[in-house]
Amino acid sequence: MSDPVLVLDNATKRRGSATVLSEISLDLTAGTRLALLGHNGAGKSTLIKAVLGLTRLDAGRITVCGAAPGSAAARADVAYLPEAVAFHGALTGREQLAFFARLAGEAPKRCGTLLDQVGLAAAADRRIATYSKGMRQRLGLAQALLGRPRLVLLDEPTSGLDPVSRFDLYRIIDGMAAAGAAVLIASHALTEVEARTDRIAILRDGRLVADDTLAALTRAAALPIRLRIRARAGAAERVAEALGGTRVNGASVELCCPADEKMAALARITGLGVAVEDLEVTPPGLEDLYRYYSKEAV
Amino acid sequence: MSARRILAVARAEAILVRRNRWLVMATLIMVLFALALSLAGSAPTGELGADMLTVSVASMTTLSVYLVPLLALLIGFDAIAGERERGSLGLLLSYPVGRGEILLGKALAHTGALAVACTIGFGVSGVLAFAISDVSEAALIALMRLVATSVLLGTVFLGLGYLLSAGAAGPGAAAGLAAGVWLVFVVLYDLGLLAVVVIDGDGAFSRHVFPWVMTANPADAFRLWNIAASDTVAIASGMGGAADALPRWAAPASLISWPVIAFLAARAAFRRIEP
Ligand SMILES: Nc1ncnc2c1ncn2[C@@H]1O[C@H](COP(=O)(O)OP(=O)(O)OP(=O)(O)O)[C@@H](O)[C@H]1O
Ligand SMILES: [Mg+2]
């Protein structure tokens, strides 16, 4: 097992009387994609800024590839996409990217390829002030691809992107992870994150309330499975009585049961024979899981 | 410190200075004022024993004291506060570039821009003098000294501008403070000194302390340097007295150490910023 690229050890950050990050311990190994979820103001951006060394911790420790956050060594290994990315409007996309390339110690020649990769080739020589929000976001992504980052921090990378661009974005993220980078994605887009990340961490009021794979989190939460049965005309009353569920919109009955009782419930439903017209089984989604973990009593 | 990164910052900043019209406006202002002063001073001045260019240099020295600090502060106050306000500072600082390197890169580009404006502005006056009268070697040297010291004076106020930019809450506050700094260094400082001298008469302060206090101000050091270095300019400006009371190194020492002090202070303020 390789050494973790990012280690947080009881990281704590206070702002005034509020504790914005509270004893967060977390590590991230090469090639892993971690989704960082949490309500507005949960501390996601603050955590990312602490990893970048832009804000100082009040207690605890962070190491990035063995170095202190914000040190020259750490910064050379990290790529960052801020949540509201901003550039100099008077520069062209190419000039701005070339500037960052020079700072990162990379040949500005590669900028053309990168701009192409994020779909900005046609707008490369226009001033950034004329870019749309999504185009600026893509330029932000292009700069995060510069250098050979071992840790990539993306703060709400899909905000402002159209569906096709989002898909492209996750393909690019997959590519970075496949090349060995550890990727941390702060996001509110649950469905995307569900399909495209390896692990999920959830922050609530600065506390880390979950940090595991989706499967393990689902198991631990033991959320019920939802069954929706559509009864044949006139049979809804009888079906609801037999199964003990609640009736919804006339002809349907909804039933919740723990995952391990799913088969027994199905058996009872099929036992009702022709009274049942159709059946829909919905396993708990990330949204239910997110709700569960972000509301769970401490 | 890496020259590559400093140059990268300077390069981007140089594009911005050109695109935001600062360079064009600054050059235009310098040219207009230099031309006006040269033409106004082209009336016969034989009784003072100074040629036309020397007279121009003397009046342009006075002009430079007002204009160059203003232009430098105008470009300096936004250097960090602007990035912070725009929200681009966090991303910039996530790159492996030091805060000192960022400041030096910006200073390099801004100093270059000031040098262009001063060279063209004062140069036009030199060309004009050359076209309509004789130009002595001494006057030419005085002109070149004026350009060089003006740029140096500019770097002082660039540094002070960066300091305000890093220390103020935002670009608005930085702009207000910049106006205050200009007023203090260029106007109020001299008025204050004048008041003290008037009260003191020919006392110990006026004879021994006053010249030193005066040189401590970079704007006055600039003036004294240009005056002390050229007898003819001193005669033309009628300000030889204070310059004579000081050793020759005093004004240059002040004007050269100010940019260093201002820059170090700006870097210290910048280091305390959380984007
Ligand atoms: N510069 C600051 N000064 C004071 N408080 C701050 C500052 N930045 C953030 N906070 C506070 O820290 C807390 C966490 O903010 P943070 O930006 O990390 O949230 P977030 O999880 O990124 O939220 P969002 O999903 O809205 O982006 C919030 O309560 C916020 O008010
Ligand atoms: Mg945020």
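Coordinates for the structure precede this section.
Residues numbered from 1 in each chain as written. Chains lettered and ligands numbered in written order. Predicted model: local features only at pLDDT ≥ 70, side-chain atom pairs only at ≥ 80, totals over all residues. Heavy atoms only, no water.

J.: Tell me what's going on with the nonpolar core, and back it up with residues and numbers.
T.: Residues A:Leu151 and B:Phe122 are the most contacted members of the largest nonpolar core, which totals 161 residues. No other element matches the 14 residues that helix H7 (residues 137–167) of chain B contributes to this core. Shared between two domains, this core holds at least three residues of each, these being domain 1 (6–212) and domain 2 (222–295) of chain A. Sequence-distant contacts of B:Phe122, that is, excluding residues within four places in its chain, are made with B:Met30, B:Ala34, B:Met60, B:Leu63, B:Ser64, B:Leu143, B:Leu146, B:Val147 and B:Ser150. Judged by nonpolar contacts, the second largest core, of 17 residues, contains A:Leu227, A:Ala231, A:Cys257 and A:Ile269. (Core = buried A, V, L, I, M, F, W, Y, C linked by side-chain atoms within 4.5 Å. Buried < 20%, exposed > 50% of the residue type's maximum accessible area, 1.4 Å probe, protein only. Helix = DSSP H or I, 4+ residues; strand = E, 2+ residues; numbered from the N terminus. Domains from an automatic or database assignment. Contact = heavy atoms within 4.5 Å.)

J.: An account of the packing of aromatic side chains is requested, with residue identities and associated values reported.
T.: Following the criterion strictly, the structure yields eight aromatic pairs over all chains and no others. Ring geometry for A:Phe100 versus B:Tyr95: centroids 4.7 Å apart, planes at 10°, classification stacked. Taken together, the residues span two chains, with A:Phe100 in helix H3 (residues 93–104) and B:Tyr95 in the loop between helix H5 (89–93) and helix H6 (99–132). Centre to centre, the rings of A:Tyr292 and A:Tyr293 are 5.0 Å apart; their planes meet at 85°, and the pair counts as edge-to-face. Judged by relative accessible area, which is 29%, A:Tyr292 ranks as partly exposed. An aromatic cluster of at least three residues, connected via ring pairs, comprises A:Phe87, A:Phe99, A:Phe100 and B:Tyr95. In this structure, B:Arg99 packs its charged tip against the face of B:Phe270, placed 5.4 Å from the ring centre. (Phe/Tyr/Trp six-rings, centres within 6.5 Å; stacked < 30°, edge-to-face > 60°. Lys NZ or Arg CZ within 6 Å of the ring centre and 35° of its normal.)

J.: Run through unusual backbone geometry, naming residues and quoting values.
T.: Residue and element names in this part refer to chain A. Despite not being glycine, aspartate 205 shows a phi value in the positive range, around 45°. Here aspartate 205 shows up in the loop between strand E8 (199–204) and strand E9 (207–212). Phi angles above zero are rare outside glycine, and alanine 222 is one such case at about 45°. Positionally, alanine 222 belongs in the loop between helix H8 (214–221) and strand E10 (225–231). A relative accessible area of 56% means that alanine 222 is categorised as exposed.

J.: Just give me the short version of the site of ligand 1, but keep the residues and values in it.
T.: Residue and element names in this part refer to chain A. Every one of the 13 residues lining ligand 1 counts as a neighbour, but Gly41, Lys44, Ser45, Thr46 and His188 are closest to it. At 2.9 Å, a side-chain N or O of asparagine 40 approaches an oxygen atom of ligand 1. A distance of 2.7 Å is found between an oxygen atom of ligand 1 and a side-chain nitrogen or oxygen belonging to lysine 44. Protein contacts shield 58% of the accessible area of ligand 1, which totals 640 Å² for the unbound molecule. When residues in the shell around ligand 1 are grouped by element, the largest group, three residues, is from helix H1 (residues 44–52). Within the shell around ligand 1, the residues separate by chemical class into two nonpolar, seven polar and four charged. (Near = heavy atom within 4 Å. Polar contact = N/O pair within 3.5 Å; in protein donor to acceptor, adjacent residues only side chain to side chain. Areas by Shrake-Rupley, 256 points an atom, 1.4 Å probe, with all protein chains shown as cover. Nonpolar A, V, L, I, M, F, W, Y, C, P; charged D, E, K, R; others polar.)

J.: Describe a nonpolar patch on the surface, and please don't skip the residues or the numbers.
T.: Residues and elements named next belong to chain B. Together, Leu183, Val184, Leu188, Leu191, Leu194 and Val198 make up an exposed nonpolar region whose accessible area comes to about 550 Å². Along the chain, the position of leucine 188 falls in helix H8 (residues 171–200). Note on leucine 188: relative accessible area 42%, which makes it partly exposed. (Patch = residues over 30% accessible without salt bridge, like charges linked within 9 Å, V, L, I, M, F, W, Y side chains within 5 Å. Salt bridge = Lys/Arg side-chain N within 4 Å of Asp/Glu carboxyl O.)

J.: I'd love a proper account of empty space enclosed by the protein, names of residues and values included.
T.: Inspection of every chain in the model, using the stated rule, returns one cavity of 30 Å³ or more. Taken together, 15 residues line the largest cavity, and the ones lying closest to its centre are A:His88, A:Gln96, A:Phe99, B:Glu83 and B:Leu92. Elements that contribute at least two residues to the lining of the largest cavity include exactly H3 of chain A together with helix H1 (3–19) and H6 of chain B. Here the lining of the largest cavity takes four residues from H1(B), the largest share from any one element. Partitioning the lining of the largest cavity into residue classes produces nine nonpolar, three polar and three charged. (1 Å grid on protein atoms, 1.4 Å probe; cavity = no way out; pocket = protein on both sides within 12 Å on 5 of 7 lines; lining within 4 Å. Points joined across faces, edges and corners; volume = space filled by probe spheres on them.)

J.: Tell me about the coordination of the magnesium ion (ligand 2), and name the residues and values.
T.: All names here are of chain A. Coordination of the magnesium ion (ligand 2) by the protein comes from Ser45 (OG) and Glu83 (OE), over a distance range of 2.0 to 2.5 Å. In this pair, serine 45 is assigned in helix H1 and glutamate 83 in the loop between strand E5 (78–81) and H3, connecting sequence segments 38 residues apart. The class of serine 45 is buried, set by a relative accessible area of 17%. (Donors = N, O, S within 2.8 Å, 3.2 Å for Na, K, Ca; no water.)

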